[in-house]
Amino acid sequence: MTFIWPEMLWLLAAAPALIATYLFLLRRRKKSALRYANLSLVKEAMDAGRRFRRHIPPVIFLAALTVLIFAMARPSAVVTLPTQHDTVILAMDISGSMRATDVEPNRITAAQAAAKSFVADQPRRTRIGVVTFAGTAAVAQAPTDNREEILAAVDRFQLQRATAIGSGILISLKAIFPDAEFDLRSSNPRRDPARDSLRPAPLDPARESEKPAFKPVPPGSYGSAVIILLTDGQSNVGPDPIESARMAADRGVRVYTVGFGTTEGEILRFEGWSMRVRLDEETLKKIAELTQGEYYYAGTAADLKKVYQTLSARLVFETRETEVTALFSAAAAVLALVATMLSVLWYNRIL
């Protein structure tokens, strides 16, 4: 547990002073009781049970004050809470390596089946979008709550050459923030400066300059949307995946990455041509780390299905550091109320 305002904990030093004051009042009351002419009446009136019971309300009230001081320090803890994301983007690798048959019947079919199961497990109010990436990336289905359209988009996958993981993240962000502008040309080592110079200038430069400057937010703080990215290879074209991940992190969007296939690397042969594929786990782990997401590895179709089931549960209940001041304040209020009720019930007075 951590505290946002730890300096408020110095108020706990008042607790010993309160205890000392209470003991002083007890001793003074005891001296006053000695003035009775008949001490036996006093002893009979205050048996052992009553002497012990009279300390209960003050002790409970002291506990309430202590808990209240902790609440003033604004405690935060890592807790598991129910959550609901409005939008989930499935970013799917459709590069040629996904036709490999090391997963029966092949990787792409297994990935499609797992994605469909994931879609079926989501609440009806959750909007799901589908982004595909190979040499380039595209929105196969804009975020929608129409499950038939989502499943149809998954069935339409057509494999292509190359793998652009960075583009997949970038287009997924565009699906979440349609009005935002993303420019990764400066971070793309494969860019063509001559082609960049041919890009048209803004139609209204004055309006472009009037747009408010983008202000990054803490990674993982955007709770309305997440990206689930699946790939079986390593990025070999397009923007740098790490730079794309940083853009997602600056917007608070978590990216959960799923590695599918072999980590050792293998040569795939198809229709007279061959290609070597290898899963880049290091990059996928870095993407998840930067965006406060998680990385999962699936080596078989069964593993992939379990990963999507885990992700489905993960999106319903999310573990994160949360301020719990309200819980401490409520506990302090309950303790103070109990102390007051006991004092009134037993002694017809408030403490």
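Owing to the predicted nature of the structure, the values given are computational and were not obtained by experimental measurement.

> So what about the sheet that holds strand 3 (residues 87-93)? Which residues, and what values?
If you walk across this open sheet you meet the six strands as 5-4-3-6-7-10, and the pairing is mixed. For this open sheet the edge positions go to strand 5 (137-144) and strand 10 (295-298), each flanked by a neighbour on one side alone. In this sheet, neighbouring strand axes are inclined to one another by 15° on average, regardless of whether the strands run parallel or antiparallel. Sheet analysis places strand 3 next to strand 6 (residues 225-231), joined by six bridges and oriented parallel. Paired with methionine 92 across the bridge in strand 6 is leucine 230. Here helix 5 (residues 107-121) sits on the sheet and contacts strand 3, strand 4 (127-133), strand 6 and strand 7 (254-260); the angle it forms with strand 3, its principal contact strand, is near 175°.

> Describe the confidence of the model for the protein chain, naming the residues involved and giving the relevant values.
Per-residue pLDDT for the protein chain averages 82, and the proportion of residues at 70 or more is 77%. Note on residues 186-200: pLDDT is under 50 here. Beyond four places in sequence and across chains, it has 12 contacts.

> Describe unusual backbone geometry, and please don't skip the residues or the numbers.
Peptide bonds are trans in most cases, and residues, glycine excluded, mostly fall at negative phi. Even without glycine at this site, arginine 74 takes up a positive phi of about 55°. Residue position: arginine 74 is located in the loop between helix 4 (56-72) and strand 2 (75-82). Here arginine 74 falls in the partly exposed class, since its relative accessible area comes to 25%. The backbone of alanine 162 shows a phi angle near 75°, a positive value even though the residue is not glycine. Tracing the backbone shows alanine 162 in the loop between helix 6 (147-155) and helix 7 (165-176). A relative accessible area of 27% means that alanine 162 is categorised as partly exposed.

> Quick rundown of the pairing of strand 6? Include the residues and the values.
One face of the sheet, then the other: side chains in a regular strand alternate in exactly this way. Here strand 6 lies mainly inside the structure; seven of its seven residues are buried. By the alternation rule, side chains of strand 6 split into Ala225, Ile227, Leu229 and Thr231 and Val226, Ile228 and Leu230, which are all buried. Judged from the six bridges that link them, strand 6 and strand 7 form a sheet pairing that is parallel. Its bridge partner being in strand 7, isoleucine 227 is matched across the sheet by valine 255. A crossover connection joins strand 6 to the parallel strand 7 through helix 10 (residues 241-250); in handedness this β-α-β unit is right-handed.

> Can you lay out the packing of aromatic side chains for me, pointing to particular residues and giving the numbers?
Tallied over the full model, the rule gives four aromatic pairs. On the basis of an interplanar angle of 55° and a centroid distance of 5.2 Å, the ring pair of phenylalanine 177 and tyrosine 222 is categorised as tilted. With phenylalanine 177 in the loop between helix 7 and helix 8 (193-197) and tyrosine 222 in the loop between helix 9 (205-210) and strand 6, this residue pair connects regions lying 45 residues apart in the sequence. According to the relative accessible area criterion, phenylalanine 177 is buried, its value standing at 19%. On the basis of relative accessibility, which here comes to 28%, the residue tyrosine 222 falls in the partly exposed class. Put simply, the rings of Phe3, Phe70 and Phe328 touch in pairs and so form one group of aromatic residues. Positioned above the aromatic ring of tryptophan 5 is the side chain of arginine 74, whose terminal nitrogen or guanidinium carbon lies 4.9 Å from the ring centre.

Reading the values: rules and limits
Residues numbered from 1 in each chain as written. Predicted model: local features only at pLDDT ≥ 70, side-chain atom pairs only at ≥ 80, totals over all residues. Heavy atoms only, no water. Pairing = 2+ DSSP bridges. Helix = DSSP H or I, 4+ residues; strand = E, 2+ residues; numbered from the N terminus. Axes fitted to C-alpha atoms, helices over the stretch in contact; angles between N-to-C directions. Contact = heavy atoms within 4.5 Å. pLDDT = per-residue confidence, 0-100. Buried < 20%, exposed > 50% of the residue type's maximum accessible area, 1.4 Å probe, protein only. Right-handed = clockwise from strand over helix to strand, strands pointing away. Phe/Tyr/Trp six-rings, centres within 6.5 Å; stacked < 30°, edge-to-face > 60°. Lys NZ or Arg CZ within 6 Å of the ring centre and 35° of its normal.

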